[in-house]
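Chain and residue survey
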Amino acid sequence: MHEAMFYTQLADNRVRCRLCQHFCEISAGRRGLCGVRENQAGVLRTLVYGQSISAGIDPIEKKPLFHLQPGSTSFSIATVGCNFTCRHCQNWQIAQYPRLHAGTIPGKELAPEAIVRQALAAGCSSIAYTYTEPTIFFEYAYATARLAHEAGLKNAFVTNGYTSAEALRTLAPYLDAANVDLKAFSEDFYHRICGAKLQSVLDTICLYRELGIWLEVTTLIIPGYNDDEKELKGIADFIASVGVEIPWHVSAFYPTHELLDAPRTSAKILHRARQIGIEAGLRYVYEGNIPGEGGENTYCYACDELLVERFGYAIRQNLIDQGCCPFCSAKIDGIGL
């Protein structure tokens, strides 16, 4: 077990965790909300360092990150645990594992050095910290990201955006990109469905932009929960206020975990969400989980020509020329385009 980063010792062997924006106060012998950081006699320890629950090679488009080295592969890793309790989590079996199994921490030992070696051997261009919330395995991700950076690999977080400012600033020199889930635009949704606060996520998104980390945002649109046009416009306007170059992925929901009462998201809803994003001034708006509808393609924001044609996670053609549109020479935003 590794001693955790970002905590303050309090009276009576209690500690204050400063890793995420829950800022848990943890008594001796107890764990934080994430279920993987434990106060052992006044010392906060991470229980998941080096304990990979999932490791594999994915298209970078699966994250989804469409403007980070398109067409490349990313070595993806995760541990168990999460600091949210989303009722619609598609990876709830591993994200909520400690809560569902009396605090048990499963995983296969996989050292940061081994992750980087395997990523390089597989020809990956990046390492993605994903599947569960990477913030909760911060020490593991941080050690890996530093080694990956030295080896010339990019690092990307796929995150709920609840990392504390202190932790994010520490990671920033080694973090190239992130996709942040902006799950809704109401405090009520975040409280009822996720066990968190919207404003904290909005603040983190702004900080990513301030730190110069390439940022993409995903919203899973759930009929009857967060598909109101006023709410979608609020999300689009907020993203545009942070940066019109930030891609917005609007994705289709499929009933899962505890949220089984909502229907699948229709293509019509996603098409409308995309139009709302474009009307808000966003340069790139993508429709996810409905391959073949054309909403996955990248178009030039200046001349509207097709630049990247996608089907699912596969790229059929990429016409971007050294980061620019070949038709009008507009600069296309991203990394490694």
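Quick summary incoming for the structure in this document.

Calculation criteria
- Residues numbered from 1 in each chain as written.
- Predicted model: local features only at pLDDT ≥ 70, side-chain atom pairs only at ≥ 80, totals over all residues.
- Heavy atoms only, no water.
- Helix = DSSP H or I, 4+ residues; strand = E, 2+ residues; numbered from the N terminus.
- Buried < 20%, exposed > 50% of the residue type's maximum accessible area, 1.4 Å probe, protein only.
- Contact = heavy atoms within 4.5 Å.
- Areas by Shrake-Rupley, 256 points an atom, 1.4 Å probe, with all protein chains shown as cover.
- Lys, Arg positive; Asp, Glu negative; His and termini not counted.
- Charge placed at Lys NZ, Arg CZ, Asp CG, Glu CD.
- Disulfide = S-S within 2.5 Å.
- Polar contact = N/O pair within 3.5 Å; in protein donor to acceptor, adjacent residues only side chain to side chain.
- Pairing = 2+ DSSP bridges.
- 1 Å grid on protein atoms, 1.4 Å probe; cavity = no way out; pocket = protein on both sides within 12 Å on 5 of 7 lines; lining within 4 Å.
- Points joined across faces, edges and corners; volume = space filled by probe spheres on them.
- Nonpolar A, V, L, I, M, F, W, Y, C, P; charged D, E, K, R; others polar.

Side note on the overall build of the chain
Regarding its fold elements, the chain presents nine helices and 19 strands. The C-alpha extent of the chain, read off along each of the three principal axes, is 65 × 45 × 30 Å. Counting across all 337 residues of the chain, residues that qualify as buried make up 54%. For the chain, restricting intrachain contacts to residue pairs at least 6 apart in sequence, the fraction spanning at least 24 positions comes to 64%. Total accessible area on the chain stands at roughly 13800 Å², and carbon and sulfur atoms take up 48% of it. Charge centroids of the chain, computed over 30 positive and 36 negative side chains, lie 4 Å from each other.

Quick word on the state of the cysteines
One pass over the structure, following the stated rule, counts zero disulfides. Distance from the sulfur of Cys20, which forms no disulfide, to the nearest cysteine sulfur (Cys24) is 5.8 Å. Residue class for Cys20 comes out buried when judged on its relative accessible area of 11%.

Structural notes on the environment of His22
With respect to the element layout, His22 can be found in the loop between strand E3 (15-17) and strand E4 (25-26). As a C-alpha pair, His22 and Val308 span 286 residues in sequence and 39 Å in three-dimensional space. In this structure, His22 is in contact with Leu33, Asn83, Phe84, Tyr162, Gly195 and Ala196, ignoring residues within four places of it in sequence. Looking at His22, its side chain comes within polar contact range of the main-chain oxygen of Asn83, at 2.8 Å.

Things to note about the sheet that holds strand E5 (residues 37-40)
The three strands are arranged E1-E6-E5 in an open sheet whose pairing can be described as antiparallel. Edge positions in the open sheet fall to strand E1 (2-3) and E5, since each of these has one partner strand only. With four bridges connecting them, E5 and strand E6 (residues 43-46) associate as antiparallel partners. Bridge pairing in E6 places Glu38 opposite Arg45.

Things to note about empty space enclosed by the protein
Tallying each qualifying case throughout the model produces one cavity of 30 Å³ or more. If you add up the space inside the largest cavity, you get close to 90 Å³. As for the largest cavity, its lining consists of 13 residues, of which Cys17, Cys20, Cys24, Cys34 and Arg37 are closest to the centre. Across the lining of the largest cavity, the residue classes break down as nine nonpolar, three polar and one charged.

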